[in-house]
Amino acid sequence: KNELEACLRLVERSANDRIPDSQTITRCSQDTEQQAQIITRLANQLLQPHGEWLPIHKASDQATANLGVIAGRLVRELQIAEQAAMDFQNASGEVIRAARWSGSYGVVVIGNPGSDELERARRSLSNGDYESTITFAKQSLAMARDAIQIAERQVADARRRIEMEAERRRRQRRNASNFGAITFGGGSSSNSSGGGFTFGGGSHSASSSSSSHSSSSSSSSSSSSSGSGFSTSGW
């Protein structure tokens, strides 16, 4: 009786989980119903007076063993069904997220990645093919996530390029500013030095010219005096 109640609870669970039944679940449900009928018949036989109880007990033990096997199959299949439904739900959410994803610099995910695999997973789940559902759902999930990661790397690369370009321009402006400061300072030093040299040279040149002029005058005066003496002596 305990095994029969356990199987009946599992059959009810499969009917209310809103997951399409697989062939295994359908077969287990049918087998549970069959064993339930056998147990009901055996119980009625036990109520009959002067019945052969030993064959009844043997048949009852066999039905109990059968129900134990059925319960084990139902537990495993319901676990796979829940896993398939969860994987499909996760893949569906990721495909939708990829389709709606957009980032900076106009980067978007193109082409609805994973949608074809998601549709295959949906058809498989509708047919109660849990293994195929899990396989296609995982493929769909991976494709959608890969597409999002690629788009995120594109955004990061674009941001890095923009930052590098901005830094290059800052260095260029800084170098240009430093170059202008060095040129202005050199011109000022040259002008100052040139001005001092020119002024000094001019002053020195004027002094030499004045000295030369004085020497010339003196020489001329001396020459004149000397010539006058020669002429007197000649005469």
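Residues numbered from 1 in each chain as written. Predicted model: local features only at pLDDT ≥ 70, side-chain atom pairs only at ≥ 80, totals over all residues. Heavy atoms only, no water.

Asks: Lay out the environment of Ala137 with the relevant residues and their values.
Replies: Following the sequence through the fold, Ala137 ends up in helix H5 (residues 130-234). For Ala137, a relative accessible area of 0% corresponds to the buried category. Sequence spacing of Ala137 and Asp87 is 50 residues, and the spatial spacing of their C-alpha atoms is 5.8 Å. Setting aside its immediate chain neighbours within four residues, Ala137 contacts Asp87, Phe88, Ala91 and Ala121. (Helix = DSSP H or I, 4+ residues; strand = E, 2+ residues; numbered from the N terminus. Buried < 20%, exposed > 50% of the residue type's maximum accessible area, 1.4 Å probe, protein only. Contact = heavy atoms within 4.5 Å.)

Asks: Let's hear about helix H4 (residues 115-126): which residues, and what values?
Replies: Given a rise of 1.5 Å per residue, 12 residues ought to cover 16 Å, and the 16 Å separating the end C-alpha atoms of H4 matches this to within 8%. Buried residues of H4: Glu117, Leu118, Ala121, Ser124 and Leu125, and no others. On an axial view of H4, the arc spanned by its buried residues comes to 120 degrees, and they lie on one face. Following H4 by one or two positions, Gly128 has its phi on the positive side, about 75 degrees. (Expected span 1.5 Å × (residues − 1). Arc of directions from axis to C-beta.)

Asks: Outline the pattern of salt bridges, supporting the account with residue identities and numerical values.
Replies: Counted by the stated rule, this structure contains 11 salt bridges. Among the salt bridges present, the one from Glu167 reaches Arg171, with a minimum N-O distance of 3.7 Å. Here the residue Glu167 and the residue Arg171 both occupy positions in helix H5, the gap between them amounting to four residues, near one helical turn. Overall, Arg171 belongs to the partly exposed group, its relative accessible area being 39%. Here the residues in one salt-bridge network are Glu94, Arg97 and Arg145, joined through shared partners. (Salt bridge = Lys/Arg side-chain N within 4 Å of Asp/Glu carboxyl O.)

Asks: Summarise the nonpolar core; cite the residues concerned and give the values.
Replies: Of all hydrophobic cores here, the largest spans 36 residues; its most connected members are Leu67, Ile70, Leu74, Trp101, Val109, Leu125 and Tyr130. Taken together, the elements giving at least two residues each to this core come down to helix H1 (2-16), helix H2 (23-46), helix H3 (53-100), H4 and H5. Ranked by residue count, the leading element in this core is H3, at 12 residues. Setting aside chain neighbours within four positions, we find Leu67 in contact with Glu3, Leu4, Cys7, Thr32, Gln35 and Ile39. (Core = buried A, V, L, I, M, F, W, Y, C linked by side-chain atoms within 4.5 Å.)

Asks: How would you sum up the confidence of the model for the protein? Please name residues and give values.
Replies: Looking at the protein, pLDDT values average 81 and 75% of them are 70 or higher. Summarising per-element confidence for the protein, the mean pLDDT is lowest in H5 (66) and highest in H4 (98). (pLDDT = per-residue confidence, 0-100.)

Asks: Could you give an account of the side chain of Glu117, naming the residues involved and the relevant values?
Replies: Tracing the chain through its elements places Glu117 in helix H4. Ignoring sequence-local partners within four residues, the contact set of Glu117 consists of Phe136, Gln139, Ser140 and Met143.

Asks: Could you give an account of unusual backbone geometry, with specific residues and numbers?
Replies: Not every positive phi belongs to a glycine, and Arg18 is a case in point at roughly 60 degrees. Along the polypeptide, Arg18 turns up in the loop between H1 and H2.

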